[in-house]
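Structural overview for review
One letter stands for each residue in the lines below.
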Amino acid sequence: MTRNVVVGSLMAALFAFLGGFSNDALGATVAPARLGTAGNFAVLAGSTITNTNMTTIAGDVGLSPGSAVTGFAPCTAPLPADCVALTGALQVANGVALQAKADLLTAYNNLLTLESSCTKLPDVELGGMTFLPGVYCSATFGLSAGQTVTLDANGDPDAEFIFLTGAGGSTLITGAGSRVAFTDGAQACNLYFQVASSATIGVGSAFAGNILAAQSITVQQGTSLAGRALALNAAVTLDNNTITKADCEILTPPTTVPPTTVPPTTVPPTTVPPTTVPPTTVPPTTVPPTT
């Protein structure tokens, strides 16, 4: 398989890097509809959530049915060794977390139904490849150290990129310093990784997308994630990370200002009265008779 470009709709073709989608036309944001209430969470786990060092999370954090959350002290002075700067709610073993886990299971199973129509990838290495919108399958997915995978929406900000290991698949593993890039309207909220076992995101990576793992997710030291770490049954492990829940930008149509119509100015005609020249009377000339 040529490792340059994988095209959606069961086609492959070479595609050039086109540059990012302008945010000028983007307005409000919304969580991906596929995730239900799980879309409110940046981190969601089944057994435990563990953090080491200082981590920043924008989005809710949830755990159910487990209740063990460690390393989540607030990052306030005096700064503890392990802390989390959380912008969002911490939902542990409660109704909110339980509902989110139910919605996560639904989303996971719905992704599996797409396996029958996916583009099969014999090469599990994603580095150096550019993907157009579509559904892609492989037993495992990898992104080698220092490599970049690019998602190209071809101008459609609603385009989805879905990577499935399938029910019988295995892992998602990325190397140190790897990254996910987006171009031509692609958004992190529309990128999904369904992982049948566990996912490991390598040290110092800049990863993106919604990771739905049946078992555990490990986000290694110094890695950023623009998306979600959603583990159905096991743990989510963090270490000095920045995790930002990726919501979808909604296009705001440009405001059209109606043209201003200036009524024409009517200038009344100027009437010039006719000039009357009085007739000139010339007296008759009398010629004396000749004798």
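The coordinates are above.
Now for a description of the structure that goes with this document. Just so you know, these numbers come straight off a predicted model, no measurement behind them. (Residues numbered from 1 in each chain as written. Predicted model: local features only at pLDDT ≥ 70, side-chain atom pairs only at ≥ 80, totals over all residues. Heavy atoms only, no water.)

Overview of the overall build of the protein chain
The secondary structure content of the protein chain amounts to 1 helix and 26 strands. A total of 291 residues make up the protein chain; the buried ones form 42% of that total. Considering only contacts in the protein chain between residues 6 or more positions apart, those separated by 24 or more positions represent 61%. Accessible surface computed for the protein chain: about 14,500 Å², of which carbon and sulfur atoms make up 59%. (Helix = DSSP H or I, 4+ residues; strand = E, 2+ residues; numbered from the N terminus. Buried < 20%, exposed > 50% of the residue type's maximum accessible area, 1.4 Å probe, protein only. Contact = heavy atoms within 4.5 Å. Areas by Shrake-Rupley, 256 points an atom, 1.4 Å probe, with all protein chains shown as cover.)

Concerning the pairing of strand E23 (residues 224–231)
The element E23 is extensively covered by neighbouring structure, given that 6 of its 8 residues are classed as buried. Relative to E23, strand E3 (residues 41–45) runs parallel, the two sharing 2 bridges. Paired with valine 43 across the two strands is alanine 229, which belongs to E23. Pairing of strand E21 (residues 206–213) with E23 involves 8 bridges; the strand directions are parallel. Across the sheet, the residue bridging to alanine 206 is serine 224, located in E23. (Pairing = 2+ DSSP bridges.)

Thoughts on the environment of threonine 130
Within the secondary structure, threonine 130 sits in strand E12 (residues 130–131). The spatial distance from the C-alpha of threonine 130 to the C-alpha of leucine 151 is 5.7 Å, given a sequence separation of 21 residues.

With respect to the pairing of strand E16 (residues 161–164)
The two faces of E16 match: Phe161 and Phe163 on one face and Ile162 and Leu164 on the other face are all buried. Examined bridge by bridge, strand E13 (residues 134–137) and E16 share 4 bridges and lie parallel to one another. For valine 135, the partnering residue across the bridge sits in E16 and is isoleucine 162. Here E16 pairs with strand E19 (residues 191–195) via 4 bridges, running parallel.

Quick word on unusual backbone geometry
Residue proline 65 is bonded to the preceding serine 64 through a cis peptide linkage, with omega at 10 degrees. Of note, proline 65 is situated in the loop between strand E6 (60–63) and strand E7 (68–70). The phi dihedral of aspartate 184 falls on the positive side, at around 50 degrees, and the residue is not glycine. Position of aspartate 184 relative to the elements: it lies in the loop between strand E18 (179–183) and E19.

With respect to the pattern of salt bridges
This model, assessed by the stated rule, comprises 3 salt bridges. Arginine 34 is paired through a salt bridge with glutamate 160; the nearest N and O atoms lie 2.9 Å apart. Within this pair, whereas arginine 34 is found in the loop between strand E2 (26–30) and E3, its partner glutamate 160 is found in the loop between strand E15 (148–152) and E16, the two being separated by 126 residues in sequence. Residue glutamate 160 is classed as partly exposed on the basis of its relative accessible area, which comes to 26%. The shortest N-O distance in the salt bridge between aspartate 247 and arginine 228 comes to 2.8 Å. Note that aspartate 247 is positioned in the loop between strand E25 (242–244) and strand E26 (248–251) and arginine 228 in strand E23, a separation of 19 residues in sequence. Relative accessible area serves as the criterion here: at 24%, aspartate 247 is assigned to the partly exposed category. (Salt bridge = Lys/Arg side-chain N within 4 Å of Asp/Glu carboxyl O.)

Quick notes on the packing of aromatic side chains
Inspection of every chain in the model, using the stated rule, returns 6 aromatic pairs. Ring geometry for tyrosine 136 versus phenylalanine 163: centroids 5.3 Å apart, planes at 25 degrees, classification stacked. A residue pair is termed long-range when its members are at least 10 positions apart, and tyrosine 136 in strand E13 and phenylalanine 163 in strand E16 qualify at 27 residues. Relative accessible area serves as the criterion here: at 1%, phenylalanine 163 is assigned to the buried category. Seen in terms of ring centroids, phenylalanine 141 and phenylalanine 163 are 5.6 Å apart; in terms of plane orientation they differ by 90 degrees. Their pairing is edge-to-face. Here phenylalanine 141 is found in strand E14 (residues 141–143), whereas its partner phenylalanine 163 is found in strand E16, with 22 residues between them in sequence. (Phe/Tyr/Trp six-rings, centres within 6.5 Å; stacked < 30°, edge-to-face > 60°.)

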